Amino acid sequence: TNRKNKLFLQNTSKELNLFFLHLLCNMNFVKYILRPLFIDGNIWIFRVEYVVSYYTLRALERFKNYCESNKHKHVETEELIEILKEGEKIFKTQLRNCMMHYDLKGSGVITFENIDKPFYGIIEMCFDGISYQDYLAELHNLSDKIINYLEKQFDFSNVKLEKL
């Protein structure tokens, strides 16, 4: 809407505010709704978080590129650049292809030694032996950094929640 909103930053366009809000809602849904619902280590939640984090990171990368190519648009990119660098390490192409697509035949990442591990040991193969649990911790850490960055794009100080 065009109504004034205390949540949105005044020096940012409505479109950009909505862009950030959309990304933040997706990330927070995974963190605050899905993760707590499936605390038993459900690997599908891992996959959902992986995909949501990946596409949020790509959206932030497009935002950074847009800001760089449009000199009139000022944005604090130092924190964003750090997040993007960390994301490049976590979202390696071989693992990304396995997470995004269901056909694992011929991917060269499944071995019989790892068949009992989550995702058939794909993470161990793609990241030189790093365990699924360690990788999951890194993914959660990156997700939290993305959320923190996105939350800085809003002013939550004057927002009051009302009971529905």
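See the structure printed just above.
Throughout, residues of each chain are indexed from 1 in the direction in which the sequence is written. Residues qualify for local features only when their pLDDT is at least 70, as the model is predicted, and side-chain atom pairs are given and counted only at 80 or more; totals for whole chains, interfaces and linings, by contrast, use all residues. Values reported for side chains reflect all heavy atoms of the structure, with hydrogen atoms and water molecules removed beforehand.

The next thing to look at is the pattern of salt bridges. Salt bridges are counted wherever a side-chain nitrogen of Lys or Arg sits within 4 Å of a carboxyl oxygen of Asp or Glu. Under the defined criterion, the tally for this structure stands at eight salt bridges. For the salt bridge of Asp 144 with Lys 31, the shortest nitrogen-to-oxygen distance reads 3.1 Å. On the criterion of sequence distance, the pair formed by Asp 144 in helix H6 (residues 132-151) and Lys 31 in helix H1 (residues 14-37) is long-range, its members being 113 residues apart. Exposure categories follow from relative accessible area, calculated using a 1.4 Å probe and restricted to protein chains: below 20% of the type maximum is buried, above 50% is exposed, and the middle band is partly exposed. A relative accessible area of 23% means that Asp 144 is categorised as partly exposed. Residue Lys 31 is classed as partly exposed on the basis of its relative accessible area, which comes to 21%. Because the salt bridges share partners, they merge into one network encompassing Lys 31, Arg 35, Glu 49 and Asp 144. Note on conventions: DSSP H or I runs of at least 4 residues are helices, E runs of at least 2 residues are strands, and numbering of each starts at the N terminus.

A general feature of soluble globular proteins is that nonpolar side chains tend to end up buried together. Of all hydrophobic cores here, the largest spans 37 residues; its most connected members are Phe 46, Leu 95 and Leu 150. The leading source of residues in this core is H6, at nine residues. Each residue touching Phe 46, except ones within four places of it in the same chain, is listed here: Met 99, Phe 119, Ile 123, Tyr 132, Tyr 135, Leu 136 and Leu 139. Take the buried residues of types Ala, Val, Leu, Ile, Met, Phe, Trp, Tyr and Cys, join any two whose side-chain atoms come within 4.5 Å, and each joined set is a nonpolar core. Contact between two residues is taken to exist if any of their heavy atoms lie within 4.5 Å; hydrogens are not considered.

Further remarks concern helix H3 (residues 78-90). Residue count minus one, scaled by 1.5 Å, sets the expected span of a helix. In a regular helix each residue adds 1.5 Å, so 13 residues correspond to 18 Å; H3 covers 19 Å between its end C-alpha atoms and thus fits that length. Contacts made by the buried residues of H3 are with helix H2 (43-69), helix H4 (93-100) and H6.

A few words on the packing of aromatic side chains. Pairing of aromatic rings covers Phe, Tyr and Trp, the last through its six-membered ring, and needs centres within 6.5 Å; plane angles under 30 degrees mean stacked, over 60 mean edge-to-face, and all others mean tilted. Counted according to the given criterion, the structure contains 10 aromatic pairs. Taking the centre distance of 6.2 Å and the plane angle of 45 degrees together, the rings of Phe 46 and Tyr 50 count as tilted. Placement of the pair is Phe 46 and Tyr 50 together in helix H2, with a separation of four residues, close to one helical turn. When its relative accessible area of 2% is taken as the criterion, Phe 46 is described as buried. Among the aromatic residues, those joined into a ring-pair cluster are Phe 46, Tyr 50, Tyr 54, Tyr 55, Phe 91, Phe 127, Tyr 132 and Tyr 135.

A few words on a nonpolar patch on the surface. Nonpolar side chains collect at one region of the surface, where Phe 29, Tyr 32, Ile 33, Leu 37 and Phe 38 lie side by side and expose about 520 Å² of accessible area between them. Inspection of the secondary structure puts Leu 37 in helix H1. A residue counts toward a patch only above 30% relative accessible area and without a salt bridge, and it is joined to like-charged neighbours within 9 Å or, for Val, Leu, Ile, Met, Phe, Trp and Tyr, to nonpolar neighbours within 5 Å. Accessible surface area values rest on a Shrake-Rupley calculation with a 1.4 Å probe, where residue burial reflects the displayed protein chains alone.

In this section: the environment of Glu 49. In this structure, Glu 49 sits in helix H2. The class of Glu 49 is buried, set by a relative accessible area of 2%. With 14 residues separating them in the primary sequence, Glu 49 and Arg 35 have C-alpha atoms 8.7 Å apart. Each residue touching Glu 49, except ones within four places of it in the same chain, is listed here: Val 30, Arg 35, Leu 139, His 140 and Ser 143. Identification of polar contacts relies on pairs of N or O atoms within 3.5 Å, with a donor-acceptor requirement for protein atoms, meaning one able to donate a hydrogen and the other able to accept it, and with residues adjacent in sequence counted only if both atoms are side-chain atoms. A polar contact is formed between the side chain of Glu 49 and the side chain of Ser 143, at a distance of 3.0 Å.

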